[in-house]
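# Secondary and tertiary structure notes
These are the residues of each chain, in order.
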Amino acid sequence: MTRVLLTQLPIPRQNYGRKTGNIPLGAACLKQAARDLPGAPVDILPEHLAAYLGDAALLDRLKEAKPQVFGFTVFSWNLERSLYFSEKLKNACGSRIIFGGPEITADNALARAPHVDFYVHGEGEAVFRRLLSEAGAWSAGRGAASAGELFRTAESPYLSGFLDAELENLMLLETQRGCPFRCGFCFYNKSQAGIAFADEENLLRAIAWAVEKRIDEVYLLDPSLNVRPRLKRLLVEIARLNAGQRIRLFSEIRAEAVDDELADLLAAAGFNWFEIGLQSTNPEALKLMNRPTRLKRFVAGAQRLKARGITPSIDLIIGLPGDDLRGFMRSVDFVADHGLQDDVQIFPLAILPGTDFRRRSRELGLRFENHPPYTVTASRGFSPEDFLLAYDYAETRLDAVFFPLPDLDVSWRLGAARGLAQAVDLQVRLGGAAYVAKLMVNRLRPLEEIRRLARRLTQPYQVLVGPEPGDMNYLKKILAITTAENPFTPLEIVFFEPAERPRTREILAALKLRRPHFLDGDLRFLFPKPGNRAVVFTLVSENPEIRFQGEMERQVYWWRKPELPDLEALGRFEHLDGVLIDTPASAAAIRGWQDRSAKDAAERYHLSFADAALQRRWLLLASPDEYVEKIMTWTQG
Ligand code: SF4
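Below, the structure is looked at part by part. (Residues numbered from 1 in each chain as written. Predicted model: local features only at pLDDT ≥ 70, side-chain atom pairs only at ≥ 80, totals over all residues. Heavy atoms only, no water.)

### Examining unusual backbone geometry
Backbone phi values are negative for most residues with the exception of glycine, while trans is the configuration of most peptide bonds. Pro460 follows Gln459 through a cis peptide bond whose omega is -15 degrees. Within the secondary structure, Pro460 is located in strand β19 (residues 457-465). Cis geometry is found at the peptide bond from Arg515 to Pro516, where omega equals -5 degrees. Inspection of the secondary structure puts Pro516 in the loop between α18 (504-510) and α19 (518-522). Located in the positive-phi region is Arg214, a residue other than glycine, with phi close to 55 degrees. Turning to its location among the elements, Arg214 is positioned in the loop between α7 (200-212) and β10 (217-221). (Helix = DSSP H or I, 4+ residues; strand = E, 2+ residues; numbered from the N terminus.)

### What about the pattern of salt bridges?
Tallying each qualifying case throughout the model produces 43 salt bridges. One salt bridge connects Arg455 with Asp60, and the closest N-O pair in it is separated by 2.8 Å. Separated by 395 residues along the polypeptide, Arg455 in the loop between α16 (447-454) and β19 and Asp60 in helix α3 (residues 55-65) bring together distant segments of the chain. Judged by relative accessible area, Arg455 falls into the partly exposed class, the value being 25%. Asp60 sits in the partly exposed class, given a relative accessible area of 26%. Notably, a salt bridge pairs Glu492 with Arg554, separated by 3.0 Å at the nearest N-O pair. Remark: Arg554 occurs in strand β22 (residues 553-559) and Glu492 occurs in strand β20 (residues 491-496); sequence separation between them is 62 residues. (Salt bridge = Lys/Arg side-chain N within 4 Å of Asp/Glu carboxyl O. Buried < 20%, exposed > 50% of the residue type's maximum accessible area, 1.4 Å probe, protein only.)

### Considering the sheet that holds strand β25 (residues 634-636)
Spatially, the nine strands line up as an open sheet ordered β24-β23-β22-β21-β20-β19-β18-β17-β25, and their pairing is mixed. Strands at the two margins of the open sheet, each flanked by one partner only, are β24 (607-609) and β25. Ignoring strand direction, the axes of neighbouring strands in this sheet form an average angle of 30 degrees. Those strands touched by helix α21 (residues 587-604) are β23 (579-581) and β24, and its axis lies near 165 degrees from that of β24. The strands that helix α22 (residues 612-622) touches are β17 (426-430), β24 and β25; relative to β24, the one it contacts most, it runs at about 145 degrees. (Pairing = 2+ DSSP bridges. Axes fitted to C-alpha atoms, helices over the stretch in contact; angles between N-to-C directions. Contact = heavy atoms within 4.5 Å.)

Honestly, that's just the spatial picture; any functional story needs more than this.
Below, the structure is given as structure tokens:
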């Protein structure tokens, strides 16, 4: 018997409960491909555990499973964490380790490690079957094979029961593998030789399943939906199944291909949003990235979608070879001038392993970070400062924020207040066990107790520090313990009415976080200088004078008055980063206030509520599509 456990680690988030989109579709395809193999049961680590457990807690769950094989789906955001986990698991359980996923390319030296037994390049199904059925297949150490018919004829793993859409009410549906285009920054076009289209009948059965199960959103995974043969016929069938538009559909498309007929069919089928790569309007940049674009047709196609209520979400890239700051600004203007600024995503160029840009980086004059997410830091046309200027310009011109700070959640109690000095840890239940999401440091707690709790932290977690104890050395010891056990887990440290300004540099030096952390690169342009991005510091005080507003620092007013604030009162704290509403008003009164004020207040202010249950309610009201309610049921520890 060869038991396999497949794991996909999420993009790190800075708010507990925020959706991660970490749906293990690749693992489900492997499980489905191996379903008929005798003696090789395949399990997938449940999404809620993979997404919301801190490093130590997740490692303990994986160790308990003790399979003969651990498989990891590796992306740039989880490469280093997957290496860390797999090494610990190899040492603890002696299991074999398989790495697959987009990050596993022949030229990616960062992924190489002696404890990894096998690397799968490209599609995994056929190689996975071979590894589970031929003992000799492991000796090669790496392999690639087209999934071919296995993919084309496979039904969606949701229908086979290998995936459920429960956590985020979102279904991922693979319609195509491979891409006919050859964009220089992209690896996807190289991950397999040809293009394979999923059978239409299977796709329609999956859509019918989603409609029947009342799934909110279905994302068609397809680099360019318009490439599909007989697309219009497929759309007519989807529209028939989705009559009444019970599900919302999302995908990616080349805007130039959208004529009036296609736009009508997409709208009738229930499409709501398309990601559309423009990347740049600079002819030299478009040429160097091998992405010819007819700009007039692009605009016409995107506007046709918009006219039918479908949001065209336009992607732009900063730092492309052949482009410069002025060229980038012209691309932003182009989007705004044509009324396409409703939803714009702007990425710094990433020099991904396996891509043409990686191979030609010297020739193209690209300087980039050599660790994920491989962000370009300078090029012939962009100085390091130009990236910040580019984001500043885009934020002003498009009236958008591209690097928001995490949502404000400084809730610290459950139910009526007994005072911060009596407050205890706040926990959530995941997979039948309790885990600590808010660790309370409001008294001297034995370090042994902290060591035990450090193995039961969520991802991310908060350390809530009361006015007592004010001993900085004690706090540093606590944080050294929690971060040593959880070196990849982001955290927030919240100080309630501290006697002095928290010495954040000293605290950062005491942390045992793995550096550079993925968020250090991913959120590099949040502040002018690169640096710590995985730790947020928040100060909560009744004193409204500004005294804590540096990098990754925010200051929140502690509203402890008996009455609830009106919008005018909230306006008095606009110079701060938010308000914690902590009144003795009844829960019913606060719920009523939230219902009345949600829209206006959430648009204008960052608000938090002291009671964690009311905080959860607020997050779900203010950001209805962003949080997973079922993993946010709080208990006291
Ligand atoms: S960026 Fe999109 S269109 Fe270009 S090669 Fe990659 S998947 Fe294809």
